Amino acid sequence: MNKTLIFCIFLFITSLCICSCNSDFDIIYSNINIPGLDASLQIPVYNKYNEFSEYVNNQLTKDFEKYKGYALTEWELYQEDTLTYRTVFKDLSTARYINVFISKFIYCGPEMEDEYYITFSYDKKNKKILDITDCTKMDTETLSLCCKDKLKKNITKIVRDKEYVEFLNSCVESKLTTQIKNYLAFSIQNKKVKIYFAPGDIFPKKYGGQIVEFKQSL
């Protein structure tokens, strides 16, 4: 029995409830409390799209298992702080596209509390899980340049200190290429592709999350 199957069974057993939010999807709520780790998970299940739901479940499971391994290793070595992992699900779907938006919150010790975004998009018409290049028809290099331009405009709107603007510009330059190559959170809504950057991802946390938009190209 593989780890994914074991974890799925564990989720089912430990779930506090399965709450139907509407006719399209359910949410599995699960709390996991073991020495060194407290976790609270929300995993969506779309009733008519089993393959997509399984894919989302597998990806979120892998992410949690990776963090759990880190947390248990830290606990075995130091037994100081109990680490935490929490996901909050939001449905941003439209008539044609399923948009899963997950906010992930982790605590790894003092001054190490972060928020991340994880997203999944599915084209119901073409029965296809989408990535950002499908939606924008841009390669990663072009997309990076366009995102940089939009984010720099965001900087100048919220910051007045020219030296700080230059510093943030350099942060955008250094971080964005890595972001796009690794993973980029997005959704498709109202004929626009929205790309999300979590607080502290590109700008300092005090400026909150950032969103850039592109015209949908599908």
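Rules used in this analysis
- Residues numbered from 1 in each chain as written.
- Predicted model: local features only at pLDDT ≥ 70, side-chain atom pairs only at ≥ 80, totals over all residues.
- Heavy atoms only, no water.
- Pairing = 2+ DSSP bridges.
- Helix = DSSP H or I, 4+ residues; strand = E, 2+ residues; numbered from the N terminus.
- Buried < 20%, exposed > 50% of the residue type's maximum accessible area, 1.4 Å probe, protein only.
- Polar contact = N/O pair within 3.5 Å; in protein donor to acceptor, adjacent residues only side chain to side chain.
- Contact = heavy atoms within 4.5 Å.
- Axes fitted to C-alpha atoms, helices over the stretch in contact; angles between N-to-C directions.
- Core = buried A, V, L, I, M, F, W, Y, C linked by side-chain atoms within 4.5 Å.
- Phe/Tyr/Trp six-rings, centres within 6.5 Å; stacked < 30°, edge-to-face > 60°.

**Q** Is there a simple way to explain the pairing of strand β6 (residues 113-123) in this structure?
**A** Within a regular beta strand, the side chains point alternately toward one face of the sheet and then the other, so they alternate between its two faces. The pairing of strand β5 (residues 97-107) with β6 spans eleven bridges and is classified as antiparallel. Following the sheet pairing, Ile102 is matched in β6 by Ile118. When β6 meets strand β7 (residues 128-130), the two strands line up antiparallel, connected through three bridges. Residue pairing for β7: Tyr122 is matched across the bridge by Ile129.

**Q** Is there a simple way to think about the side chain of Gln216 in this case?
**A** For Gln216, the position within the fold is in the segment after β10 (210-215). Classification of Gln216 by relative accessible area gives buried; the value is 17%. A polar contact of 2.9 Å, which involves the side chain of Gln216, links it to the side chain of Tyr97. Excluding residues that lie within four positions of it along the chain, Gln216 makes contacts with Tyr97, Cys135, Ile188, Lys191, Lys192 and Val193.

**Q** Quick question: what am I supposed to make of the environment of Thr84 here?
**A** Tracing the backbone shows Thr84 in strand β4 (residues 83-91). Under the relative-accessibility criterion, Thr84 is labelled partly exposed at 29%. Placed 23 residues apart in sequence, Thr84 and Tyr107 show a C-alpha to C-alpha distance of 5.0 Å. Leaving out residues up to four positions away in the same chain, Thr84 has contacts with Leu37, Asp38, Tyr67, Phe105, Ile106 and Tyr107.

**Q** I tried to follow the sheet that holds β10 on my own but got confused; where do I start?
**A** Spatial strand order, β8-β9-β10: three strands in an open sheet with antiparallel pairing. Pairing within the sheet leaves two strands with one partner each, and these edge strands are β8 (185-189) and β10. Strand-to-strand twist in this sheet, taken as the mean axis angle between neighbours without regard to direction, amounts to 25°. Taken together, the six bridges between strand β9 (residues 192-197) and β10 define a ladder with antiparallel strand orientation. Bridge pairing links Phe197 to Gln210 in β10. Contacts between helix α4 (residues 140-158) and the sheet are confined to β9 and β10, with β10 contributing the most and set at about 130° to the helix.

**Q** Hey, could you run me through unusual backbone geometry in this one?
**A** Glycine aside, residues mostly have negative phi, and peptide bonds are mostly found in the trans state. In the Ramachandran plot, Lys127 falls in the positive-phi region, its phi being about 50° despite a non-glycine side chain. Here Lys127 is to be found in the loop between β6 and β7. In this structure, Asn190 takes a positive phi of about 50° despite not being glycine. Looking at Asn190, the relative accessible area reads 67%, which means it is exposed.

**Q** Is there a simple way to explain the nonpolar core in this structure?
**A** Note that soluble globular proteins tend to have their nonpolar side chains buried in a common cluster. Formed by 24 residues in total, the largest nonpolar core has its most connected members in Leu143, Ile195 and Phe197. For this core, the secondary structure elements donating two or more residues are α3 (132-136), α4, α5 (162-182), β8, β9 and β10. Setting aside anything within four residues of it in sequence, one finds Phe197 in contact with Tyr117, Leu151, Leu176, Gln179, Leu184, Ile202, Gly209, Gln210 and Val212. Ile27, Ile98, Ile102 and Phe120 belong to the second largest nonpolar core, which has 14 residues in total.

**Q** Looking at this structure, I do not really get the packing of aromatic side chains. What am I missing?
**A** Aromatic ring pairs: the centre-centre distance and the angle between the two ring planes describe each pair. Summed over the entire model, instances satisfying the criterion amount to 13 aromatic pairs. Ring centres of Tyr46 and Phe52 lie 6.1 Å apart, and the angle between their planes is 55°; this geometry places the pair in the tilted category. By the burial criterion, Tyr46 is buried, and Phe52 matches it. Ring plane angle 50° and centroid distance 4.9 Å describe the contact between Phe101 and Tyr117, whose orientation is recorded as tilted.

**Q** Looking at this model, I keep getting lost on the environment of Asn33. Mind explaining?
**A** One can find Asn33 in strand β2 (residues 25-34). Engagement of the side chain of Asn33 in a polar contact is seen with the side chain of Asp38, the distance being 3.1 Å.

**Q** Explanation requested: the environment of Gly109 in the structure shown.
**A** Tracing the backbone through its elements, the reader meets Gly109 in the loop between β5 and β6. Spatially, the C-alpha atom of Gly109 lies 6.1 Å from that of Asp81, the residues being 28 residues apart in sequence.

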